[in-house]
Structures are given as structure tokens and as C-alpha cells.
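# Structural overview for review
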Amino acid sequence: MRLKGKAALVTGAGGGLGGAISKRFATEGASVLCTDRDLAAAEATAAAIIETGGTASAFMADVAE
């Protein structure tokens, strides 16, 4: 658990690469804030992390603005 006690903010966490990064960070012990323009997608990633015993929450954000 290399990231135990750390926090990670991942943009684009609702899909593809961002979702995979979020899940990996959680596997390594980080608490993850999953952000995406699509809140439902970010919530799905956070839920998947929580189901496996990790700590995560979701937030809607558009980093282009």
C-alpha cells in the first residue's frame, strides 16, 4: 500500500483511463476523489472502489472551464 494515508484527485474518473487510475490509486491505499463532467459516471467509479473496500467520493467537475 504505497499510497496509504494519501489523497488523490482524478479527473475523467468516470471512464477509461481515469477510471482505471482511480481504482489503482484506491488499491494502493489512497482516498480518491473521482471527478468527471458526467456525475453518474464518477459515482459509478466511486461505488466500484467502495465495493472493494476502498475510500472514494464523486464530484462533478469540468476542468476545461
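Reading the values: rules and limits
Residues numbered from 1 in each chain as written. Predicted model: local features only at pLDDT ≥ 70, side-chain atom pairs only at ≥ 80, totals over all residues. Heavy atoms only, no water. Helix = DSSP H or I, 4+ residues; strand = E, 2+ residues; numbered from the N terminus. Rg over C-alpha atoms; globule rule 2.2 N^0.38 Å. Buried < 20%, exposed > 50% of the residue type's maximum accessible area, 1.4 Å probe, protein only. Axes fitted to C-alpha atoms, helices over the stretch in contact; angles between N-to-C directions. Parallel < 35°, antiparallel > 145°, perpendicular 65-115°, else oblique. Left-handed = near helix turned anticlockwise from the far one by under 90°. Contact = heavy atoms within 4.5 Å. Nonpolar A, V, L, I, M, F, W, Y, C, P; charged D, E, K, R; others polar. Expected span 1.5 Å × (residues − 1). Arc of directions from axis to C-beta. Polar contact = N/O pair within 3.5 Å; in protein donor to acceptor, adjacent residues only side chain to side chain.

The helix and strand tally for the protein stands at 2 helices and 3 strands. Radius of gyration (C-alpha) of the protein: 10 Å, near the 11 Å computed for a compact globule of 65 residues. With the C-alpha coordinates of the protein rotated into their principal frame, the extents come out at 35 × 20 × 15 Å. When each of the 65 residues of the protein is scored for burial, the buried share is 29%.

With that out of the way, let us pick up the packing of helix 1 (residues 16-27) against helix 2 (residues 39-51). Axis angle and axis distance: for two packed helices, these are the angle between their axes and the distance between the axes, and together they describe the pair. In contact at an axis separation of 10 Å, helix 1 and helix 2 are set at 25 degrees when each is read in the N-to-C sense. In terms of their interaxial angle, helix 1 and helix 2 are classed as roughly parallel. For the pair helix 1 and helix 2, the sense of crossing is right-handed. Each of Gly19, Ser22, Lys23 and Ala26 in helix 1 lies in contact with helix 2, whose residues at this interface are Thr45, Ala48 and Ile49. Among the residues making up the contact of helix 1 with helix 2, the classes are represented as 3 nonpolar, 3 polar and 1 charged.

So, on to the environment of Ile49. On the secondary structure map, Ile49 appears in helix 2. Once residues within four sequence positions are removed from consideration, Ile49 is found in contact with Ser22, Lys23, Ala26, Val32, Cys34, Gly54, Thr55 and Ala56.

Here helix 2 spans 18 Å end to end across 13 residues, near enough to the 18 Å set by a 1.5 Å rise per residue. Taken together, the buried positions of helix 2 are occupied by Ala41, Ala42, Thr45, Ala46 and Ile49. All buried residues of helix 2 lie within an arc of 140 degrees about the axis, which places them on one face of the element. Where helix 2 is buried, its residues contact helix 1, strand 2 (31-36) and strand 3 (55-60). The first or second residue beyond helix 2 is Gly53, which carries a positive phi of 95 degrees.

With respect to the secondary-structure elements, Thr35 resides in strand 2. Within the structure, Thr35 has its side chain in polar contact with the backbone oxygen of Val10 (distance 2.8 Å). Discounting residues that sit within four places of it in the chain, Thr35 has contacts with Leu9, Val10, Thr11, Gly12, Ala13, Gly14, Ala42, Phe59 and Ala61.

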